[in-house]
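Given next are the chains, with one letter for each unit.
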Amino acid sequence: MTACDWFDSPRVALYFYGELDPAERERMAAHLRECAECRQALEDLRVVREALARQPRVDAPPAGDWSGFMRRLELATSATTASAPVSHRSRPTPVAAWIAIAATLVLAAGGVLFVARARPTPAAPVAARTTVTAPPVSRPSVPAEAAFKTLSEQHLERSKLVVLGLATRDPETTRPADWAYERTLAGSLLTDTRLYRRAAQDRGLTNVARVMGDLEVVLLETSLSDHADRESLERVQRLIRRRDLLVKMRVMGEGSGL
Amino acid sequence: MARAAGGDASAFQALVERHRALVYRLAWQFSGNHHDAEDIAQEVFVKVYRSLDRFRYEAQLTSWLYRIVMNACIDHRRRQMPSGWTPFTDDTELRLVNTPEERPGPETCAYGGELGAVLSRAVARLPAGQRLVFTMRHHEGLKLAEIAAALGLAEGTVKRQLHAAVHRLRDTLSAAGVTTGERA
């Protein structure tokens, strides 16, 4: 047991790591001159640091051989391409690359027209968003239709991470800071989700439009959860459950719903 | 960064080569063995690969990496723990402070001098949240504010986790009969 109030506070460690502000640091220095226990605690930290500093830093596989790791990663990323963004798919041939570029330009131009027609307000801020890589067109050709489906799948895949994160949190133990990341992402995905929903409606893709609509509601509720308290999280989770959103997103992701 | 996001495989490989040591080091500090460290690092880079189009500059990716590593480490640990385990919340903090890892420290930690080995095992036995914060502060030299920002946590939480880790390591010194300074 100790009579010193500072001994069991974070102050000694913060002093040791240089994390106290100048005034606090001055007070701690003065305190250390008087308090043998805190001096001892500081000395312990120094011993810990020196002992650990002598240990090797392990920042590579055995013998520094990364070749197996890189091979595995290459396999993993190529296996990921089915749900990865188009830009990360396997390297296209030059011809395929030009076709892809041309298709993207056509889609992008169509997307601007689509946004301009759907919204009387200037469309530039939305059209300029980087997350919508190729907004949908209103009268799709077959390749454009396929591209739209691929992009929708990719958007759902990105959004699924957020929805999964929200659905699996325990409201009793989750604090606002714990799901700040999901709230931020929800806000950034919302506009794109709305665009995809409207484009799917326009194309008569009812199932896609319905899932995008459900997702839109959940993202909207999440991004508007300013207090981020337990009730807010529970409300979002109820929305996810009632709309069976995760199941629907999985079905869409597997391609059978499109 | 732009080339990697554009599908240039060699650019992505170069990006991995630039960051893999940091990722592996954090993963190893967390897992304490090569097998798990490699699994965690793989998971991290697959996530990076799938998310490249979200980052315009590499600096954005670098700060995000800590969070991906943290999530991958936590997911990895969660798969090994009973359901309901959570790493950082206030309600579980006391439990984290008072509950060491059930698994003994990995044998690979037992290198170097005796004290270093004892402390390395103690670090390996720290609860997950404390271990990550301690590693990022102590080994990576990140400030508390930087750790909080990278992990998306409140700075107070990071401070408490660091304090709890340091407290436990000091206890380890005492228990090991190490005499330092005025205690000597």
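About the thresholds
Residues numbered from 1 in each chain as written. Chains lettered and ligands numbered in written order. Predicted model: local features only at pLDDT ≥ 70, side-chain atom pairs only at ≥ 80, totals over all residues. Helix = DSSP H or I, 4+ residues; strand = E, 2+ residues; numbered from the N terminus. Buried ≥ 20, exposed ≤ 12 C-beta atoms within 10 Å, placed from the backbone. Contact = placed C-beta atoms within 7 Å. Core = buried A, V, L, I, M, F, W, Y, C linked by C-beta atoms within 7 Å. pLDDT = per-residue confidence, 0-100. Arc of directions from axis to C-beta. Axes fitted to C-alpha atoms, helices over the stretch in contact; angles between N-to-C directions. Left-handed = near helix turned anticlockwise from the far one by under 90°. Nonpolar A, V, L, I, M, F, W, Y, C, P; charged D, E, K, R; others polar. Parallel < 35°, antiparallel > 145°, perpendicular 65-115°, else oblique.

### Section: the overall build of chain B
Then, number 1: On a plain count of helices and strands, chain B comes out with 9 helices and 0 strands.
Then, number 2: Across chain B, helices and strands are ordered from the amino to the carboxyl terminus as α-α-α-α-α-α-α-α-α.
Then, number 3: Counting only residues that meet the buried cut, chain B has 44% of its 184 residues in that class.
Then, number 4: Of the contacts made within chain B by residues no fewer than 6 positions apart, 62% connect residues no fewer than 24 positions apart.

### With respect to the overall build of chain A
Then, number 1: Scanning chain A from N- to C-terminus turns up 11 helices and 0 strands.
Then, number 2: Going from N to C terminus, chain A has its helices and strands arranged as α-α-α-α-α-α-α-α-α-α-α.
Then, number 3: Counting only residues that meet the buried cut, chain A has 31% of its 258 residues in that class.
Then, number 4: For chain A, contacts bridging at least 24 residues in sequence account for 64% of all contacts bridging at least 6.

### Some points on the environment of B:Ile74
All names here are of chain B.
Then, number 1: Position of Ile74 among the secondary structure elements: in helix H4 (residues 58-80).
Then, number 2: When the 19 C-beta atoms within 10 Å are taken as the criterion, Ile74 is described as partly exposed.
Then, number 3: Sequence-wise, Ile74 and Gly129 are 55 residues apart; in three dimensions their C-alpha atoms are separated by 8.5 Å.

### Side note on the nonpolar core
Then, number 1: In terms of nonpolar packing, the biggest core is built from 61 residues, with B:Ala27, B:Val44 and B:Val69 touching the most fellow members.
Then, number 2: Considering every element that reaches this core, the biggest residue donor is helix H2 (residues 9-31) of chain B, with 9 residues.
Then, number 3: When residues no more than four places from it in sequence are discounted, the contact partners of B:Val69 are B:Val23, B:Leu26, B:Ala27 and B:Val44.
Then, number 4: Counting residues in each nonpolar core, the second largest holds 29 residues, with A:Trp179, A:Val236, A:Ile240 and A:Leu245 among its members.

### Concerning unusual backbone geometry
Residue and element names in this part refer to chain A.
Then, number 1: Positive phi values are uncommon outside glycine, yet Ala63 reaches one of about 65°.
Then, number 2: Mapped onto the elements, Ala63 comes out in the loop between helix H3 (36-53) and helix H4 (67-80).
Then, number 3: Of note in this structure, Asp244 is not a glycine but carries a positive phi near 50°.
Then, number 4: Relative to the assigned elements, Asp244 resides in the loop between helix H10 (230-242) and helix H11 (245-253).
Then, number 5: Taking the number of C-beta atoms within 10 Å as the measure of exposure, Asp244 has 13 and is therefore partly exposed.

### Regarding the confidence of the model for chain A
Then, number 1: Per-chain confidence: chain A averages 72 in pLDDT, with 71% of residues scoring 70 or above.
Then, number 2: Here residues 82-140 of chain A is a poorly scored stretch, pLDDT under 50, and it has 79 contacts once near neighbours within four places are set aside; other chains count.

### Here we look at helix H8 (residues 144-151) of chain B
All names here are of chain B.
Then, number 1: Among all positions in H8, only Leu144, Ile147, Ala150 and Leu151 are buried. Each buried residue of H8 sits inside an arc of 130° when the element is viewed along its axis, so together they form one side.
Then, number 2: Just downstream of H8 lies Gly152, where phi reads positive at about 70°.

### Some words on the confidence of the model for chain B
The predicted coordinates of low-pLDDT regions are not to be read in fine detail.
Residue and element names in this part refer to chain B.
Then, number 1: Residues with a pLDDT of 70 or more make up 72% of chain B, whose mean pLDDT is 74.
Then, number 2: Segment residues 87-112 is flagged for pLDDT under 50; beyond a separation of four residues in sequence, or across chains, it makes 45 contacts in the model.
Then, number 3: For this predicted complex, the interface score ipTM comes out at 0.70, alongside a pTM of 0.48.

### Some words on the packing of helix H6 (residues 114-124) of chain B against helix H9 (residues 155-175) of chain B
Residues and elements named next belong to chain B.
Then, number 1: Between H6 and H9, the shortest axis-to-axis distance is 10 Å and the interhelical angle comes to 145°. In the crossing of H6 with H9, the sense of the turn from one axis to the other is right-handed. Taken together, the residues of H9 that come into contact with H6 (itself represented by Val118, Leu119 and Ala122) are Arg168, Leu169 and Thr172.
Then, number 2: In terms of residue class, the contact of H6 with H9 is built from 4 nonpolar, 1 polar and 1 charged.

### Section: the environment of B:Arg131
Residues and elements named next belong to chain B.
Then, number 1: For Arg131, the position within the fold is in helix H7 (residues 128-139).
Then, number 2: For Arg131, a count of 24 C-beta atoms within 10 Å corresponds to the buried category.
Then, number 3: Beyond its immediate chain neighbours, meaning those up to four positions away, Arg131 contacts Phe30, Val123 and Leu126.

### Some details on the packing of helix H8 (residues 180-203) of chain A against helix H9 (residues 206-223) of chain A
Residue and element names in this part refer to chain A.
Then, number 1: Where H8 meets H9, the closest approach of the two axes is 8 Å, and the angle between their N-to-C directions is 155°. Between H8 and H9, the crossing angle belongs to the class labelled roughly antiparallel. Considering the relative orientation of H8 and H9, their crossing is left-handed. Residues Glu182, Arg183, Ala186, Gly187, Leu189, Leu190, Thr193, Arg194, Tyr196, Arg197, Ala200 and Gln201 of H8 form the contact with H9, whose own contacting residues are Val208, Ala209, Met212, Gly213, Leu215, Glu216, Leu219, Leu220, Thr222 and Ser223.
Then, number 2: A breakdown of the residues in the contact of H8 with H9 according to their chemical character gives 11 nonpolar, 6 polar and 5 charged.

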